[in-house]
Amino acid sequence: MSVTYLDNAATSFPKPARVYERMEKFLREEAANPGRSGHRMSVEAEASVESARALIAKFIGAQDASRIAFALNCTDALNMGMKGILKKGDHVITSVLEHNSVLRPLHSLEEDGVITLTKVKPNKDCVINPEDIGKAFTHKTRLVALTHASNVTGTLQPICEIGKIVRERGALFLVDGAQTIGVFPIDVETDFIDLLAFPGHKSLLGPTGTGGLYVGKRVEEITPWREGGTGMGSENPTHPEDFPFVLEGGTPNTVGIVGLAEGLKFVYDTGIDVIRDHEFKLMKQLREGLKSIKGVKTFGLDSVKQSTATLSFVLEGLDPADVGIILDQSFNLALRSGIHCAPLCHEFLGTFPTGTIRVSPGFFNSEKDIESLLNALRQLTKQE
Amino acid sequence: MSKDISRYQRQYLFPKIGEERQRKISSSKVTLIGCGALGTVIANTLVRCGVENLTIVDRDFVELNNLQRQVLFNEEDVENNLPKAIAAKQKLEKINSQANIEAIVADANYSNIENLVKGRDLVLDGTDNFDVRYTINEACVKHNIPWIYGGCVGDQGLTMVVIPKKTPCLSCYFQSAPPPELTPTCDTAGILSPIVNIVSSLQSMEAIKILSGQIEQTTEGLYSYNVWEKRSQVFGTKQEIDPECPVCQKEKFEYLSGDKGMRTSTLCGRNAVQISRDDQLKIDFKIIAEKLEHIGKVTSNAFLLKCDFNESGKDYELTLFLDGRAIIKGTNDISRAKSIYSKYISV
C-alpha cells in the first residue's frame with residue numbers, strides 16, 4: 001500500500017513530472033559551472049540560472065531580477081537577509097507565530113547584544129493586528145520580520161496592511177514566504193515588501209536545496225555572510241557588492257535552480273488560482289469532516305480562504321506524537337506531529353510541548369486522500 | 001624491552017600455552033563491545049590472563065540490578081552513577097596495572113564500529129541485542145577480524161566463533177533478528193548468573209586460543225547450553241558457510257552502511273526519543289504485554305501499547321506501535337533510549 005503524503009507544508013511531494021525530467025536532462029547534458037568559464041556549456045548553464053531568476057522576479061513582481069539571490073533554502077535566505085542588514089542598536093519587530101528560521105537568528109542577535117526585539121502576539125484566531133505592529137515601533141525600529149502564513153495553523157497574515165505601516169514608519173519589511181509562495185500571490189511592490197525569503201521546494205514545486213531572497217531597492221547595504229568565487233570581478237581581492245553576486249558566493253545549485261524554474265513554470269501553466277482552488281476544496285472537505293469527529297480540536301482561524309492548505313489539530317486524550325506514528329504505521333498517512341519548529345506559536349496556542357498534528361495537502365492530493373485521513377481519525381477516536 | 005609475563009606463569013605452564021604464546025596474548029589488541037554480564041566476566045578473565053591492550057565500549061551506566069551478575073561492579077559504582085566502561089576500567093587497572101584499558105562510553109553503531117574494530121586481533125561480543133551484533137559481524141567480516149558471539153537469557157546461553165570466510169558468520173546462521181515476541185531479554189525474562197559465567201568463560205577460552213595464535217583450535221558451530229538442565233547442543237560446523245550469505249559471501253554490508261538497523265530521533269521539546277526499525281513487524285501486543293507486565297503498568301489498544309515504569313529512580317513511558325516503532329519518554333539521550341528498547345523490547 002502506498003503512502004498518502006499530507007506533509008506539503010514541510011516540503012511538497014511529489015513534484016510535477018516535468019521537474020524530474022528537466023533536472024535529469026540538465027544534469028546529464030548541461031550541468032557546467034555557470035558563468036565561470038567562457039565555453040558554450042558554461043554560458044548556457046548561466047543562461048538557465050538567469051532565466052530562472054527572471055521568472056521568479058516576474059512571479060513576485062520584482063522590477064529588477066538581479067535583486068533576487070538564490071539560497072540553499074528559506075532559512076538560508078532569512079539568515080542572509082536579517083544578518084546582512086541588522087546593525088548594533090537596531091530594534092526588530094517580529095511575532096510569536098514565526099518559525100525558528102526567523103526566531104533563532106533574531107534571538108541570537110538579541111543575545112549577542114546586537115538588536116533589541118519585540119515579539120507581537122496575534123489575536124485568538126492567530127491573526128496579527130496591523131495596529132499592534134505599529135504600536136510596537138520605537139525610534140530604533142529598523143526591521144519588521146513576519147511570516148506570510150503560520151506554518152502551524154496556516155492562518156494568513158495581513159502583510160499588505162502591515163507592509164504599508166512599516167513603509168510609512170520608515171523601517172524595512174521582511175516577509176517569510178515559506179508557506180505561501182506558489183499558492184498565494186505575493187507582489188513585493190504592492191505589498192510593500194523590502195525583503196522576501198522563500199523556499200524553492202514547497203509550493204514552487206522545486207527540489208530541496210533551493211530558495212531565494214529578494215532584496216528591494218530600499219535596502220541600501222547588505223553584508224554577505226558567505227564570500228568567495230562569483231565568476232566575475234575575480235581580479236578584486238574582496239567580494240563584489242553588485243547584486244546578485246554579493247549574496248551568491250560559490251557555485252550555485254544549478255540543477256536545483258533549473259528544477260525550481262520548472263516547478264514555477266508548472267505553477268504558471270496550471271494557474272496559481274487553479275492550484276489554490278484545488279487546495280481550498282480539499283481544506284473545506286477536511287475542516288467540515290473534522291467537525292463531525294468527536295474530540296478534535298483545531299487551531300487558528302476557521303476559514304478555508306484565509307488559510308493556506310495547512311491545518312493543526314489535536315485529538316482529546318491522545319499524544320500527537322503517538323497519533324502521527326499510528327497514522328503512518330496503521331493507515332499509511334504521512335503527516336507531521338510535534339511543534340513544527342515554531343515553539344512560541346505552540347506556547348501561544350497552549351499546545352507546548354506536545355504540539356499538534358499537522359495536515360497539509362498539496363496540489364497532487366485528492367479528495368480521496370482527505371477521506372482516508374478522516375476515516376483513520378474516526379477509527380482512532382473510537383479507541384478507548 | 002621484553003615485558004614481564006611472570007604473573008601469568010600458571011597459565012603458560014599449561015603446555016598448550018607456553019611462554020611464547022603468552023607473549024603473543026599479552027601483545028594482542030582486543031575490543032570488547034558491551035560490558036554488562038558477559039562483558040565483565042570476559043574482561044575480568046582476559047585482563048587477568050594477560051590481555052594487556054583492551055578497548056571496552058559500552059553506553060550504559062551501572063545499576064543496582066546489574067550487581068547480581070556483572071562481576072566488575074559494586075555498590076559504589078551505582079552510587080556514583082558510573083558508566084560501565086569507566087567502572088570496568090577502574091577495576092581492571094587495579095587487577096592488572098600492566099594492562100592498557102581504553103574505556104569508550106558510547107553506543108557502538110555503524111558510524112563508529114569500524115574504528116572500534118580496525119587493527120584489533122579479536123572482537124568480543126558482550127552486547128544485548130542483534131542490531132549491534134549484525135553491525136559487529138559486518139565490520140569484522142569487512143576487516144577480516146575474528147569475533148566471538150555470546151548471548152544469554154534465563155537459563156540459556158549461545159556462543160559462536162566467527163572467523164571471516166573460514167567459518168560461518170552470524171548472518172549465515174540468522175538471516176534476520178527474531179521478532180520481539182520471540183525474544184526474551186534479561187529484563188523481561190530474567191537471567192541466572194551461572195549461565196553468564198559459562199557463556200563468557202567459553203568466549204574467553206576461544207579468545208585465548210585465537211590470541212595465542214591457535215585459531216585453528218577454535219571450536220565449531222553454534223554452541224547452546226542450558227544451565228538448569230545441564231544440557232548442551234551444537235548446531236552446524238565450520239564448513240557450513242551459507243554460499244548465499246549476503247555478508248560473508250556477497251559482502252553486502254547493509255548494517256555498516258546504515259541502510260539497516262535501528263533509527264532514532266529526539267522529539268522536539270519532549271524529553272523523548274523515537275525509535276524506528278527497518279524491518280516491517282506486525283507485533284502481537286498481547287505477548288509483549290505479558291513480557292512487560294512485571295516491569296510496569298501496561299495498557300494497550302488496537303494501535304499502541306504503553307508501559308509506564310521506573311528504572312533507577314527515573315520514570316519512563318514506553319509506547320510501542322504495531323510495526324515495532326517506539327517512543328520512549330523520560331529521556332532525550334539516544335543511547336539511553338536504545339538501551340531501554342533493547343532491554344525491554346529487544347532487537
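Structure: see above.
Residues numbered from 1 in each chain as written. Chains lettered and ligands numbered in written order. Predicted model: local features only at pLDDT ≥ 70, side-chain atom pairs only at ≥ 80, totals over all residues. Heavy atoms only, no water.

**Examining the sheet that holds strand 2 (residues 53-58) of chain B**
Residue and element names in this part refer to chain B.
- Ordered in space as 3-2-1-4-5-6-7-8, the 8 strands form an open sheet in which the pairing is mixed. A strand with exactly one partner marks an edge of an open sheet, and here the two such strands are strand 3 (100-105) and strand 8 (231-235). Across the sheet, the mean angle separating the axes of adjacent strands is 15 degrees when strand polarity is ignored.
- One ladder, built from 4 bridges, connects strand 1 (residues 30-33) with strand 4 (residues 122-125); its direction is parallel. Along strand 4, the bridge assignment pairs Ile33 with Asp125.
- Along the sheet, helix 5 (residues 84-95) makes contact with strand 2 and strand 3, crossing strand 3 at roughly 165 degrees.
- The strands that helix 7 (residues 130-142) touches are strand 1, strand 4, strand 5 (147-153) and strand 6 (156-162); relative to strand 5, the one it contacts most, it runs at about 170 degrees. (Pairing = 2+ DSSP bridges. Helix = DSSP H or I, 4+ residues; strand = E, 2+ residues; numbered from the N terminus. Axes fitted to C-alpha atoms, helices over the stretch in contact; angles between N-to-C directions. Contact = heavy atoms within 4.5 Å.)

**So, the nonpolar core**
- Residues Leu196(A) and Leu327(A) are the most contacted members of the largest nonpolar core, which totals 88 residues.
- If we ignore the near neighbours within four places in the chain, the residues touching Leu196(A) are Ile60(A), Val175(A), Gly177(A), Ile181(A), Ile186(A), Val188(A), Gly212(A), Leu213(A) and Tyr214(A).
- The next biggest cluster of nonpolar side chains, apart from the first, holds 45 residues, and it includes Phe73(B), Ala99(B), Ala207(B) and Tyr225(B). (Core = buried A, V, L, I, M, F, W, Y, C linked by side-chain atoms within 4.5 Å. Buried < 20%, exposed > 50% of the residue type's maximum accessible area, 1.4 Å probe, protein only.)

**Some details on the interface of chain B and chain A**
- Taken together, the 18 residues of chain B in the interface contact 16 residues of chain A.
- Note on chain B versus chain A: buried area summed over both sides is about 1500 Å², and carbon and sulfur give 60% of it.
- Looking only at chain B, the three residues that lose the most surface to chain A are Arg270(B), Phe303(B) and Arg325(B), adding up to 41% of its buried area.
- Across the contact surface, chain B and chain A share 4 salt bridges.
- Where chain B touches chain A, the interface holds 5 residue pairs in polar contact (both at pLDDT 80 or more).
- Taken together, the elements giving at least two residues each to the side of chain B that touches chain A come down to strand 12 (304-311), strand 13 (314-321) and strand 14 (326-329) of chain B.
- Looking at side-chain class alone, the side of chain B that touches chain A contains 8 nonpolar, 5 polar and 5 charged residues. (Buried area = accessible area lost by both parts, 1.4 Å probe. Salt bridge = Lys/Arg side-chain N within 4 Å of Asp/Glu carboxyl O. Polar contact = N/O pair within 3.5 Å; in protein donor to acceptor, adjacent residues only side chain to side chain. Nonpolar A, V, L, I, M, F, W, Y, C, P; charged D, E, K, R; others polar.)

**Quick notes on unusual backbone geometry**
Residue and element names in this part refer to chain A.
- Residues Phe13 and Pro14 are joined by a peptide bond in cis, for which omega reads -5 degrees.
- The step from Phe243 to Pro244 runs through a cis peptide bond, and the omega angle for that step is -5 degrees.
- As for its position among the elements, Pro244 is in the loop between strand 8 (211-215) and helix 7 (254-270).
- In the Ramachandran plot, Phe192 falls in the positive-phi region, its phi being about 60 degrees despite a non-glycine side chain.
- On the secondary structure map, Phe192 appears in the loop between strand 6 (172-176) and strand 7 (195-199).
- Although it is not a glycine, His340 sits at a positive phi angle of roughly 50 degrees.
- Position of His340 relative to the elements: it lies in the loop between strand 12 (336-338) and helix 10 (343-349).

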